[in-house]
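One-letter residues, chain by chain:
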Amino acid sequence: MPSGAAAKRVMLLAGLVMVALLIAGFVVGAIGSQMFGTTRFLAQPAIHLPPQPVFPFSAVKTSLGYGSDYDAKKEKAEATADSEHPPAAEAGDHGDGAEEEHHFTPLGVSEFAITNTLLSAWVASLVIILFFVLGARKKAMVPGRFQSLVESIFEGVLSFGSSVLGRDMARRTFPVVATIFFFVLFNAWIALFLVPLYQAVGFGSGGLWDFKLEAHLIRPAGTDVNMPLALALISFVFVEYWGIRTLGLGYFRKFFAFGNLLRGRPSGLIDIFVGILELISELVRIVSFTFRLFGNMTAGEILVVMITFLVPFVANIFVFGLELLVGLIQAVIFAGLTLVFLSLAVHHEEH
Amino acid sequence: MVELGINLPLLIAYLVTFVILVAILYQFAYKPLMAAMDQRTERIQEGLSAAERAREDAASSQAAIEEQLNEARREGQRLLDQAREASQRFRETEMERARQEAEAFAERARADIQRERDAALEELRASFGDLAITAAERVIRRSLDRQAHEELITQVLEEGESLRRG
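Residues numbered from 1 in each chain as written. Chains lettered and ligands numbered in written order. Predicted model: local features only at pLDDT ≥ 70, side-chain atom pairs only at ≥ 80, totals over all residues. Heavy atoms only, no water.

Some thoughts on the overall build of chain B
Piece 1. Across its full length, chain B holds 2 helices and 0 strands.
Piece 2. Residues classed as buried in chain B amount to 17% of the 166 residues present.
Piece 3. About 13,000 Å² of surface is accessible on chain B, with carbon and sulfur atoms providing 59% of the total. (Helix = DSSP H or I, 4+ residues; strand = E, 2+ residues; numbered from the N terminus. Buried < 20%, exposed > 50% of the residue type's maximum accessible area, 1.4 Å probe, protein only. Areas by Shrake-Rupley, 256 points an atom, 1.4 Å probe, with all protein chains shown as cover.)

Topic: the overall build of chain A
Piece 1. Within chain A, the regular secondary structure consists of 13 helices and 4 strands.
Piece 2. Within chain A, the proportion of its 351 residues that are buried is 44%.
Piece 3. Long-range pairs, those at least 24 residues apart, make up 70% of the contacts in chain A with a sequence separation of at least 6.
Piece 4. Accessible area of chain A: about 18,100 Å², with a carbon and sulfur share of 70%. (Contact = heavy atoms within 4.5 Å.)

Overview of the nonpolar core
Piece 1. Counting 76 residues, the largest nonpolar core has Phe132(A) and Phe182(A) as its most contacted members.
Piece 2. If you list the elements that add at least two residues to this core, you get helix 3 (57–64), helix 6 (116–137), helix 7 (145–165), helix 8 (167–193), helix 10 (226–247), helix 12 (268–310) and helix 13 (316–346) of chain A together with helix 1 (8–140) of chain B.
Piece 3. Here the element with the most residues in this core is helix 8 of chain A; it accounts for 15 residues. (Core = buried A, V, L, I, M, F, W, Y, C linked by side-chain atoms within 4.5 Å.)

Quick word on the confidence of the model for chain B
Regions with low pLDDT carry predicted coordinates that are not meant to be interpreted in detail.
Piece 1. Within chain B, residue pLDDT values average 85, and 92% of them lie at 70 or more.
Piece 2. The complex prediction reports pTM at 0.70, with the ipTM value standing at 0.80. (pLDDT = per-residue confidence, 0-100.)

Some details on the side chain of Thr308(A)
Piece 1. Looking at where Thr308(A) falls in the secondary structure, it is placed in helix 12.
Piece 2. Within the local environment of Thr308(A), its side chain forms a polar contact with the side chain of Asn316(A), the two groups lying 2.4 Å apart. (Polar contact = N/O pair within 3.5 Å; in protein donor to acceptor, adjacent residues only side chain to side chain.)

What follows is the structure in structure tokens.
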């Protein structure tokens, strides 16, 4: 542990290195290369909304538009930022690959391939499982550091749920709500923590020096519209399930409010109109859930990619801090709105 | 739709992933964590109530000890008072007895003195009477009735004595 003057010197040195990297990044970045005529460090990134397949290779080939003669073994041109000796054959074979204009063909609506987003969702799920199972494995009465971290996160989510739904309902709905929270959170953060893997590993064309990454191996699942949509559907079904379970068929009374009209009151027309509005708002939630998360994650992704393109190396630190916050906020919003809709569905009778 | 990336199998894959994740987390994380938390809450509750009980016990035993101390103090005070009283009584009786003894002694001494004096006086009177008689015989040269004389002398002496005592 450096103390006093030594620590100060380390801090100063780190600061100087940061500034140097910032300047270097500016010079070799997109802006600097235009101004000073330097070689660009990174190729211009291509932004794709649809996820890209990473498995099986035939799907990769199809989506990236490689010919059928393309050798699958050569195709998997994996390279990390600091990898210095890929197979020599690869460097020679793809000399003309960079010039080809690859247009990316997304998967059809019913075509299946494991995409980079799905892979990253699985990685995130594994991390969540590891985190919690390791945290819950030892049941010491007096917890250690890791266990108390896991437990305090757990308790935090539980007390958040309790504040909206009350203790009993919060405990019963906890598994789904908490999993939504952690799934969104870890999926948003996984790209930030796996950044070398994310930014530099994948399929592409070109050799070692002019390698062009065309499909990342890992891409945050939130940027794939299917993942927010899946969560939104789960949230929707979960809310409706609890509404029906607590209120029975009476739950549907708020959507199909014919009661007053059948009793001959003209105000029943208004009730029917309100019921239709309720029904629409219930369904619109799916869309808003989906595009809120999708939009935030995609915007963050594009921001990270663009800042990296403009000023490589360290300028991204600020964006990373922002993105960590955005991930947390989105997780809280997704889980929190699910809780709020749950409480609306469950306590509707009281209105 | 395709440009946005909507894809049915992927959607299903995410749904399945999520459901499996919920199942695994529920089985291996949420349930044990919840149980551990409840257990801990229970333990803390127990501990708190035990502490409360202990505090009450301590308070009551404190009161009991206080009571015993007071009792002991009172007892001690009582014993002390008793002892003081006893000693007082003892001193008084002793003093009374001593005074009585002293008085008796003095009385006896006085009686002795009286007796001695009486005896001495008697003796003196006797010898004085004889002496007076002898003296008178010698003075008046005649023998008087001895009996009459003695009576006369005794009378004189008694008069003298009563005069002196008065």
